[in-house]
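Take a look at the letters that make up each chain.
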Amino acid sequence: MSTPKADAQFIISATSPAQFPNLRLPEFAFLGRSNVGKSSLLNVLAGVRKLAKVSAQPGRTQAVNFFTISESITFADLPGYGFAKVPIDIQKSWKSLVDAYLVQREQLVLSFVLLDGRRGWMDKDLELREWLIRQGRPFLVVATKVDKLNQSEMHRGMTSIRNQNDGSEPVPFSAVTGRGAREIWQAIKTSTTR
Ligand SMILES: Nc1nc2c(ncn2[C@@H]2O[C@H](COP(=O)(O)OP(=O)(O)OP(=O)(O)O)[C@@H](O)[C@H]2O)c(=O)[nH]1
Ligand SMILES: [Mg+2]
């Protein structure tokens, strides 16, 4: 895993739990609102620009996309929530797919909960947080798009995110500058060698 850029592979776009692949590798999930930057983060970590599809149109991905990295871990790019224009029946199918994933997935070792650094926690994010805690699922909060924040906005944003996360520090991340990628890789390595 020392050269994560070397080998990132797309496995499957699963639209139902029956399609979740059984690769027996430690898995990391990317969760968060639509458009928050999940696919962009995954691409930066993998060192491949267009591995996971980044879209300007929110709410497009309604599947769980699986990738292997150097044949040693898997990444699961989950569909984003909270996009108001998505029809209610699709929002429901999203919920059942993500619920099934988070309940069943034995190989899931750590989830990344992504929050827009400018917005912090929104209602749906807090619901997800409660849900992960109730399920006993470990997670790390990542504040995205911090390249858009100046120093004082950054300070305010991180403080507010931390305060609503039992004092746990979020990782500031930018897909534009690459800031935070090292810390996130460190968290991945720590969870796989535990
Ligand atoms: N400035 C800036 N823009 C970003 C960053 N990360 C993502 N974006 C932009 O935000 C938009 C959404 O990014 P995605 O990575 O597709 O977001 P997503 O969370 O995967 O979205 P869904 O798949 O729809 O849930 C794209 O236009 C990205 O280029 C970042 O760190 N900085
Ligand atoms: Mg995406």
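These numbers were taken from a predicted model, which means no experiment stands behind them. (Residues numbered from 1 in each chain as written. Chains lettered and ligands numbered in written order. Predicted model: local features only at pLDDT ≥ 70, side-chain atom pairs only at ≥ 80, totals over all residues. Heavy atoms only, no water.)

J.: Tell me about the sheet that holds strand E6 (residues 139-144), and please be specific about residues and values.
T.: Pairing in this open sheet of seven strands is mixed, and the strands run E1-E3-E4-E2-E5-E6-E7 from one edge to the other. The outermost strands of the open sheet, each flanked by one partner alone, are strand E1 (8-14) and strand E7 (171-172). Pairing of E6 with E7 involves two bridges; the strand directions are parallel. When the bridges of E7 are listed, Val142 appears paired with Val171. Contacts between helix H1 (residues 38-46) and the sheet are confined to E1, strand E2 (27-32), strand E3 (64-69), strand E4 (73-77), strand E5 (108-116) and E6, with E2 contributing the most and set at about 145° to the helix. (Pairing = 2+ DSSP bridges. Helix = DSSP H or I, 4+ residues; strand = E, 2+ residues; numbered from the N terminus. Contact = heavy atoms within 4.5 Å. Axes fitted to C-alpha atoms, helices over the stretch in contact; angles between N-to-C directions.)

J.: Report on the site of ligand 1, specifying residues and quantitative values.
T.: What surrounds ligand 1 is a group of 20 residues, the closest being Lys38, Ser39, Ser40, Asp147 and Ala175. Taking Lys38, its side chain carries an N or O atom lying 2.7 Å from an oxygen atom of ligand 1. Here an oxygen atom of ligand 1 sits 3.4 Å away from a polar atom, N or O, in the main chain of Gly80. Isolated, ligand 1 exposes 650 Å² of accessible area, and the fraction of that covered by the protein chains is 85%. Taken together, the residues of the shell around ligand 1 break down into five nonpolar, ten polar and five charged. (Near = heavy atom within 4 Å. Polar contact = N/O pair within 3.5 Å; in protein donor to acceptor, adjacent residues only side chain to side chain. Areas by Shrake-Rupley, 256 points an atom, 1.4 Å probe, with all protein chains shown as cover. Nonpolar A, V, L, I, M, F, W, Y, C, P; charged D, E, K, R; others polar.)

J.: I'd like a rundown of unusual backbone geometry, residues and numbers included.
T.: Trans is the prevailing form of peptide bonds, just as negative phi is the prevailing case for residues other than glycine. Positive phi values are uncommon outside glycine, yet Asn35 reaches one of about 80°. Counting through the fold element by element, Asn35 comes out in the loop between E2 and H1. For Asp166, which is not a glycine, the phi torsion comes out positive at approximately 50°. Assignment of secondary structure puts Asp166 in the loop between helix H4 (151-163) and E7. Here Asp166 falls in the exposed class, since its relative accessible area comes to 69%. (Buried < 20%, exposed > 50% of the residue type's maximum accessible area, 1.4 Å probe, protein only.)

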